[in-house]
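Understanding the architecture of this molecule
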Amino acid sequence: MNQMQKTSGYHYEVMRRAIELVDERGPACTLDELAGGMGMSPAHFQRLFSTWAGVSPKRLQQYLALGHAKALLEDRHSTLDTALAAGLSGGGRLHDLFLRWEAMSPGDFAKGGDGLMIRWGRFDSPFGPAIIMGTERGICGIAFTAEAGEEAAMADLCARWPGARYVEEPAPLAPWADAAFGRSDAEVPLFVIGAPFQIKVWEALMSIPSGHVTTYSDIAAAIGSPKAVRAVGTAVGRNPISLLIPCHRALRKSGGLGGYHWGLPVKRAILAWESARLEA
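In this report, the structure presented in the accompanying data block is examined. (Residues numbered from 1 in each chain as written. Predicted model: local features only at pLDDT ≥ 70, side-chain atom pairs only at ≥ 80, totals over all residues. Heavy atoms only, no water.)

**What about the overall build of the protein?**
Helix and strand content of the protein: 13 helices and 9 strands. Going through the 280 residues of the protein one by one, you find that 52% of them count as buried. In the protein, once contacts between residues fewer than 6 apart in sequence are set aside, the share between residues at least 24 apart is 71%. Of the accessible surface of the protein, which amounts to about 12,100 Å², a share of 54% is contributed by carbon and sulfur atoms. (Helix = DSSP H or I, 4+ residues; strand = E, 2+ residues; numbered from the N terminus. Buried < 20%, exposed > 50% of the residue type's maximum accessible area, 1.4 Å probe, protein only. Contact = heavy atoms within 4.5 Å. Areas by Shrake-Rupley, 256 points an atom, 1.4 Å probe, with all protein chains shown as cover.)

The structure is reproduced here in structure tokens:
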């Protein structure tokens, strides 16, 4: 793990603690109070956040406020049917990266990954430690472990493909990890393993631009199943490739965050980070 990766994870840990502090004390919490609450000088705290988010701590507080999700829906609500009609299905530009993805055939999916070799490794990310899994054809799993814990995250990913053979071999995955977390401009191949309905939902998610959001009901309408909002929510939660298939951009119609498989603090941090970078 290089110094950049270690620094990236440290910045997320500071972010997580800041979220807790802002929730506890409210958006009026001053820079001095934020820094003091984490045992840092205001200058050091401001440098860390400006490096991580690209904006000042005060601006970031606005993105961390509990009302941020509702504001996103009002200001950056993506219309998925338009995006899909424009030909964004089957791939998209995400985090300024080009994604290339393909789905496992229904027959192979039914076999539970039988005969498939999946490499995995531990990596640091802007949102804390992560596990990445991949086949020779691309990334098939990303889990964030800061909230869920590594053991639970590993068991969760492995349970999706019970017939696969898992090999801890991070080196071949490292270039994809660097690209996924914004440390290179390389293309990121994804190998999506899911049921046909799930894949339709994940395809819709990939049409949402970074810094924008949509609702579960919008996704249901976009894939031609307007009454299947609950099923869409389940499919969003079963997304195995966090961040790159951006399930964090799906919100409740009320403006609530909804759930997030790897913990709501991670979801809020990702949305704040994306918003900051969009406006920076």
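**What about helix H12 (residues 229-237)?**
All of the buried residues along H12 are Val232, Ala235 and Val236. Viewed end-on, H12 has its buried residues packed into an arc of 100°, placing them on one side of the element. Each element contacted by the buried residues of H12 is listed here: helix H10 (196-205), helix H11 (216-222) and strand S9 (250-251). (Arc of directions from axis to C-beta.)

**Re the side chain of Gln198**
Relative to the assigned elements, Gln198 resides in helix H10. Owing to a relative accessible area of 18%, Gln198 belongs among the buried residues under this scheme. Look past the residues within four positions of Gln198 in its chain and what remains in contact with it is Phe109, Ala235 and Arg238.

**Things to note about unusual backbone geometry**
Although it is not a glycine, Leu243 adopts a positive phi angle of roughly 75°. If you trace the backbone, Leu243 turns up in the loop between H12 and S9.

**Examining the pattern of salt bridges**
Counted under the stated rule, the structure contains 6 salt bridges. Of the charged contacts, one joins Arg160 and Asp156 as a salt bridge, the two residues approaching to 2.8 Å between their closest N and O atoms. Residue Arg160 and its partner Asp156 are located together in helix H8 (residues 150-160), separated by 4 residues, close to a single helical turn. Under the relative-accessibility criterion, Asp156 is labelled buried at 18%. Between Arg249 and Glu274 there is a salt bridge, and its shortest N-O distance comes to 2.7 Å. Taken as a pair, Arg249 in the loop between H12 and S9 and Glu274 in helix H13 (residues 264-279) lie far apart in primary sequence, 25 residues in all. (Salt bridge = Lys/Arg side-chain N within 4 Å of Asp/Glu carboxyl O.)

**Description of the packing of aromatic side chains**
With the rule as written, the count across this model stands at 3 aromatic pairs. Ring centres of Phe127 and Trp273 lie 5.2 Å apart, and the angle between their planes is 85°; this geometry places the pair in the edge-to-face category. You can see Phe127 sitting in the loop between strand S3 (117-125) and strand S4 (128-135) and its partner Trp273 sitting in helix H13, a full 146 residues away along the chain. Using a relative accessible area of 0% as the deciding quantity, one classes Phe127 as buried. Residue Trp273 is classed as buried on the basis of its relative accessible area of 11%. Between Phe144 and Phe181 the ring centres are 6.5 Å apart and the planes differ by 40°, which places this aromatic pair in the tilted class. With a gap of 37 residues between them, Phe144 in strand S5 (residues 138-144) and Phe181 in the loop between helix H9 (174-180) and strand S7 (188-192) connect regions that are remote in the sequence. (Phe/Tyr/Trp six-rings, centres within 6.5 Å; stacked < 30°, edge-to-face > 60°.)

**Details of the pairing of S4**
Counted residue by residue, S4 has 7 buried out of 8 residues, so it is predominantly covered. Sheet analysis places S3 next to S4, joined by 7 bridges and oriented antiparallel. Across the sheet, the residue bridging to Phe123 is Ala130, located in S4. Taken together, S3 and the strand that follows it, S4, pair antiparallel across an intervening segment of 2 residues. The sheet contact formed by S4 and S5 spans 6 bridges and is antiparallel. Paired with Ala130 across the two strands is Phe144, which belongs to S5. (Pairing = 2+ DSSP bridges.)

**Considering the environment of Met206**
Topologically, Met206 is positioned in the loop between H10 and strand S8 (214-215). Between the alpha carbons of Met206 and Pro246 there is a distance of 6.4 Å; along the sequence they are 40 residues apart.

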